[in-house]
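# Results of the structural survey
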Amino acid sequence: MSHHCRALILHCIDFRFHEAIKNWLKEKGLANNCDIVSLAGASKGLISPKNPTEPEIILRQMEISSNLHKISQIILMNHTDCGAYGGRDGFASNEAEHNQHVGDMRRAKKIILSKFHELEVKIVLAKINPLEQINFEEIK
Ligand SMILES: [Zn+2]
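What you see is a predicted model, and the numbers here were worked out from it, not measured in a lab.

### What about the overall build of the protein chain?
Tallying secondary structure elements over the protein chain gives four helices and five strands in all. Each helix and strand of the protein chain, placed in order from N terminus to C terminus, yields the pattern β-α-β-α-α-β-α-β-β. Every one of the 140 residues in the protein chain was classed for burial, and the buried ones make up 28%.

Structure follows, in structure tokens:
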């Protein structure tokens, strides 16, 4: 039996974001059309893993998704105030936090593209404010 979907998303385990991510995926036409990999820190696992096996685990999930479900797109979604990055207090400013996440996701994108030439990689930063309101910034 074959069953295909459009994309794979790599996002953090953080429960505060799940409802918002679900709605964002729906908006993008990706609800029930997308494999989900959920790991603390998301792209951080490819760039500066706590455990040296993390990059292998992440890339393996992408390989399976590509081979089995014929995805055409990978979405990397980090988020602000991420515990794996020491939370928002781990940064001197919002700008420093933003730059760290965007930089890590861009580096992760390069690693992914070097393995999966045919896939499109999108970068999205999920931003949470102190009132726990969430919005999504698609990075070019
Ligand atoms: Zn997180």
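### So, the sheet that holds strand β4 (residues 120–128)
If you trace the five strands from one edge of the open sheet to the other, you get β2-β1-β3-β4-β5, paired in mixed fashion. The sheet is open, and its two borders are formed by β2 (34–38) and β5 (134–139), each paired with just one other strand. For this sheet the average axis-to-axis angle between neighbouring strands, irrespective of direction, equals 25°. Strand direction decides the pairing type here: strand β1 (residues 7–11) and strand β3 (residues 73–79), joined by five bridges, are parallel. The residue bridging L10 from the neighbouring strand is L76, located in β3.

### Section: the nonpolar core
Core analysis: the biggest nonpolar cluster contains 26 residues, and L8, L10, I74, I75, L76 and M77 have the highest contact counts within it. Of all elements in the fold, only β1, α1 (18–27), α3 (54–69), β3, α4 (94–115) and β4 reach the threshold of two or more residues within this core.

### Re the pairing of β5
Pairing of β4 with β5, which is carried by six bridges, proceeds in the antiparallel orientation. From the neighbouring strand, L125 faces β5, where its bridge partner is E137.

### Overview of the pairing of β2
Alignment of β1 against β2, held across five bridges, turns out to be parallel. Among the inter-strand pairings, L8 is bridged to a residue of β2, identified as D35.

### What to know about unusual backbone geometry
Phi at N32 takes a positive value of approximately 55°, unusual for a residue other than glycine. Structurally, N32 can be placed in the loop between α1 and β2. Note on N32: 8 C-beta atoms within 10 Å, which makes it exposed. Its identity as a non-glycine residue notwithstanding, D81 has a phi of 55°, on the positive side. One can find D81 in the loop between β3 and α4. Overall, D81 belongs to the buried group, with 21 C-beta atoms counted inside 10 Å.

### Remarks on α3
The end-to-end C-alpha distance of α3, which contains 16 residues, comes to 22 Å, matching closely the 22 Å that a straight helix rising 1.5 Å per residue would cover. Those residues of α3 lying buried are I58, M62 and S65. Down the axis of α3, the buried side of the element spans an arc of 60°, and every buried residue falls inside it. Summarising the geometry of α3, the exposed residues directed more than 90 degrees from the buried face are R60, E63 and N67. Tucked into the core, α3 has its buried residues touching β1, β2, α2 (44–47), β3 and α4. Directly after α3, the chain includes K70, whose backbone phi takes a positive value near 55°.

Conventions used here
- Residues numbered from 1 in each chain as written.
- Predicted model: local features only at pLDDT ≥ 70, side-chain atom pairs only at ≥ 80, totals over all residues.
- Helix = DSSP H or I, 4+ residues; strand = E, 2+ residues; numbered from the N terminus.
- Buried ≥ 20, exposed ≤ 12 C-beta atoms within 10 Å, placed from the backbone.
- Pairing = 2+ DSSP bridges.
- Axes fitted to C-alpha atoms, helices over the stretch in contact; angles between N-to-C directions.
- Core = buried A, V, L, I, M, F, W, Y, C linked by C-beta atoms within 7 Å.
- Expected span 1.5 Å × (residues − 1).
- Arc of directions from axis to C-beta.
- Contact = placed C-beta atoms within 7 Å.

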